[in-house]
Amino acid sequence: MMFLNVIWHSLLNRKGTVLLALISVAISIFVLLGVEHIRHQAKESFNKTVSGVDLVVGARTGQLNLLLYAVFRMGNATNNIAWESYRELAADPKVAWTIPISLGDSHRGFRVVGTTQDYFTHFRFGQNTPLSFSQGQPFSQLFDVVIGADLAKKLGYRLNDEIILAHGLGQASFSLHDDHPFKVVGILRPTGTPVDQALYVSLQGMEAIHLNWRNGVKIPARKTSLDALAERDLTPKSITAFLVGLKSKMATFHVQRQINTYSKEPLLAILPGIALTELWQMMGVMENTLRLISLLVLFSSLLGLSVMLLSSLRERRREIALFRAIGASPFFVFMIIQTEALLITLTGVLVAMLALTMSIQFAQSFLVENYGVFIDSFAFNSETLGILSLILAGTLLLGLIPALSAYRMSLHYGLATRS
């Protein structure tokens, strides 16, 4: 108790410089823990975007390109898949279900996904969690639309509101499908995935709005009535991609090879888990760069703490001389300096963890709404323990500089006392 009491009063006596050192250490630890937590959570969020899908199938292209446009709605397809090819592959007895996806249109910068009701039945995210509705129901009529939670919140849409789709992608478009507006019949619950930032219409509805279009250009014509559309065959000629669920995981590689060697057109089937792993390997350089920057910030902060303790030794000569005069050993003085460094660092850790927890609580909704990334609350785990061990080890190592200087100084005062 006497030892800790001495340290406490010593720190209070230098509260100005100690507070600055504490803030510096807390900020550096906040950055390091924040980068690691967000990196880990972002990776988990990406991995949870799609669950239970055995294969993603599209026109032959790069594996990552197919994953990005079919699952994350990023980029564009190199080609489409003929409807006949899709139906033939979907009829394979090893296939349990399929979800066709047709892309190419948008609404105020949000992607439009043409699909079937199987999307709401079979699509899973996170830990095999199904989609659910906060309001309404799946589309059933030709010009019904279901919207994601983020889109509904940002644009303020409610049930029965009318939406006009645009041809192509982009925030603003002059090529509008204004002949037939869609009516909002369902709003999905938030998922923290790209599902929240898209609109979902039937394949027939998407086909209907393109009847009077050729090569991306609208042909001036009389508006096609709903009765006339009811008599038309609105079966799509092609789709962009489709997701596959198999009856047995054992058949995955066999079906993948069968699709990749499909003779009627060049197709590519990928395993989403393997493609995600490749994606994160490509981002490994960026991850390591962020880690390095965080570690350098921490090192500079701990070095500043060491310099602060070293410079304070000039002011503490009388204190050290008094310790030696009353019989304290040089090791006692050494431990005082090391313990001060550890206490400042540990306090900085607590402040950083508290600040990080509060920051994540405030930023969660912003990250989900703007980036589709869900960040869980900060929690102490084995990875955090490893980082804190590294921080404490660095503190002890850099604390040796002022601690050894104080040790040598105490030896000098010990000799002077004996003489």
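Residues numbered from 1 in each chain as written. Predicted model: local features only at pLDDT ≥ 70, side-chain atom pairs only at ≥ 80, totals over all residues. Heavy atoms only, no water.

Considerations on the overall build of the chain
Stage number 1. Broken down by element type, the chain carries 14 helices and 17 strands.
Stage number 2. In terms of overall dimensions, the chain is more spread out than a globule: its C-alpha atoms have a radius of gyration of 31 Å, far above the 22 Å expected for 419 residues.
Stage number 3. Dimensions of the chain, computed from C-alpha atoms along their principal axes, come out at roughly 110 × 45 × 35 Å.
Stage number 4. Within the chain, the proportion of its 419 residues that are buried is 48%.
Stage number 5. In the chain, the share of contacts with a sequence separation of at least 24, taken over all contacts with a separation of at least 6, comes to 78%.
Stage number 6. For the chain, the exposed surface amounts to about 21200 Å²; the carbon and sulfur share of it is 61%.
Stage number 7. With 35 positive and 28 negative side-chain charges, the chain shows a spacing of 11 Å between the two charge centroids. (Helix = DSSP H or I, 4+ residues; strand = E, 2+ residues; numbered from the N terminus. Rg over C-alpha atoms; globule rule 2.2 N^0.38 Å. Buried < 20%, exposed > 50% of the residue type's maximum accessible area, 1.4 Å probe, protein only. Contact = heavy atoms within 4.5 Å. Areas by Shrake-Rupley, 256 points an atom, 1.4 Å probe, with all protein chains shown as cover. Lys, Arg positive; Asp, Glu negative; His and termini not counted. Charge placed at Lys NZ, Arg CZ, Asp CG, Glu CD.)

Things to note about the packing of aromatic side chains
Stage number 1. Scanning the model with the defined rule gives eleven aromatic pairs in all.
Stage number 2. Relative to Phe334, the ring of Phe331 has its centre 6.0 Å away and its plane inclined at 20°; by these criteria the two rings are stacked. In this pair, Phe331 and Phe334 are both assigned in helix H13 (residues 330-371), three residues apart and thus about one turn of the helix distant. (Phe/Tyr/Trp six-rings, centres within 6.5 Å; stacked < 30°, edge-to-face > 60°.)

Re the pattern of salt bridges
Stage number 1. Here the structure, examined in full by the defined rule, presents five salt bridges.
Stage number 2. For the salt bridge of Arg291 with Glu36, the shortest nitrogen-to-oxygen distance reads 3.1 Å. Of this pair, Arg291 sits in helix H11 (residues 284-312) while Glu36 is found in helix H2 (residues 15-47), placing the two residues 255 residues apart along the sequence.
Stage number 3. For Arg291, a relative accessible area of 31% gives the class partly exposed. (Salt bridge = Lys/Arg side-chain N within 4 Å of Asp/Glu carboxyl O.)

What to know about helix H12 (residues 317-325)
Stage number 1. Among the residues of H12, Ile320, Phe323 and Arg324 are the ones counted as buried. Down the axis of H12, the sector holding all buried residues measures 95°, keeping them to one side. With respect to the buried face of H12, the exposed residues turned more than 90 degrees away are Arg318, Leu322 and Ala325.
Stage number 2. Immediately beyond the C-terminal end of H12, within one or two residues, lies Gly327, with a positive phi of roughly 100°. (Arc of directions from axis to C-beta.)

As for the packing of helix H10 (residues 272-282) against H11
Stage number 1. Packing of H10 against H11 leaves a shortest axis separation of 4 Å and a crossing angle of 45°. By the criterion of interaxial angle, the relationship of H10 to H11 is oblique. Residues Trp280, Gln281 and Met282 of H10 lie in contact with H11, whose contacting residues are Gly284, Val285 and Glu287.
Stage number 2. The class makeup of the residues in the contact of H10 with H11 is three nonpolar, two polar and one charged. (Axes fitted to C-alpha atoms, helices over the stretch in contact; angles between N-to-C directions. Parallel < 35°, antiparallel > 145°, perpendicular 65-115°, else oblique. Nonpolar A, V, L, I, M, F, W, Y, C, P; charged D, E, K, R; others polar.)

Quick notes on the UniProt feature "transmembrane region" (unreviewed entry) in the chain
Stage number 1. The feature "transmembrane region" (unreviewed entry), as annotated in UniProt, sits at residues 16-35, 292-310, 331-364 and 384-404 in this numbering.
Stage number 2. Regarding residues 331-364, the helix share stands at 100% and the strand share at 0%, and the terminal C-alpha atoms are separated by 48 Å. (UniProt positions renumbered as here; feature names shortened; annotations may be inferred.)

So, the nonpolar core
Stage number 1. Residues Ile29, Leu33, Leu305, Met308, Phe323, Ile344 and Ile391 are the most contacted members of the largest nonpolar core, which totals 40 residues.
Stage number 2. If you list the elements that add at least two residues to this core, you get helix H1 (2-13), H2, H11, H12, H13 and helix H14 (382-418).
Stage number 3. Here this core gets twelve residues from one element, more than from any other, and that element is H13.
Stage number 4. Among the nonpolar cores identified, the runner-up in size contains 35 residues, and Val56, Leu66, Trp97 and Leu276 belong to it. (Core = buried A, V, L, I, M, F, W, Y, C linked by side-chain atoms within 4.5 Å.)

Observations concerning the pairing of strand S3 (residues 95-107)
Stage number 1. For S3, the tally of buried residues reaches eleven of 13 residues, placing the bulk of the element in the interior.
Stage number 2. Bridge count for S3 against strand S16 (residues 241-246) is six bridges, and the pairing is antiparallel. The residue of S16 that forms the bridge with Ile101 is Ala241.
Stage number 3. Both S3 and strand S4 (residues 110-115) contribute to a ladder of four bridges, which runs antiparallel. Bridge assignment links His107 to a residue of S4, and that residue is Phe110.
Stage number 4. The antiparallel pairing of S3 with S4 creates a hairpin that spans two residues between the two strands, and Arg108 there sits at a positive phi of about 55°.
Stage number 5. One ladder, built from two bridges, connects S3 with strand S10 (residues 166-167); its direction is antiparallel. Looking across to S10, one finds that Asp105 is bridged to His167. (Pairing = 2+ DSSP bridges.)

Thoughts on a nonpolar patch on the surface
Stage number 1. On the surface, a cluster of nonpolar side chains totalling about 470 Å² of accessible area is made up of Leu19, Ile23, Ile27, Val31, Ile293 and Val297.
Stage number 2. Among the elements that make up the nonpolar patch, the one with the highest residue count is H2 (four residues).
Stage number 3. Positionally, Leu19 belongs in helix H2. (Patch = residues over 30% accessible without salt bridge, like charges linked within 9 Å, V, L, I, M, F, W, Y side chains within 5 Å.)

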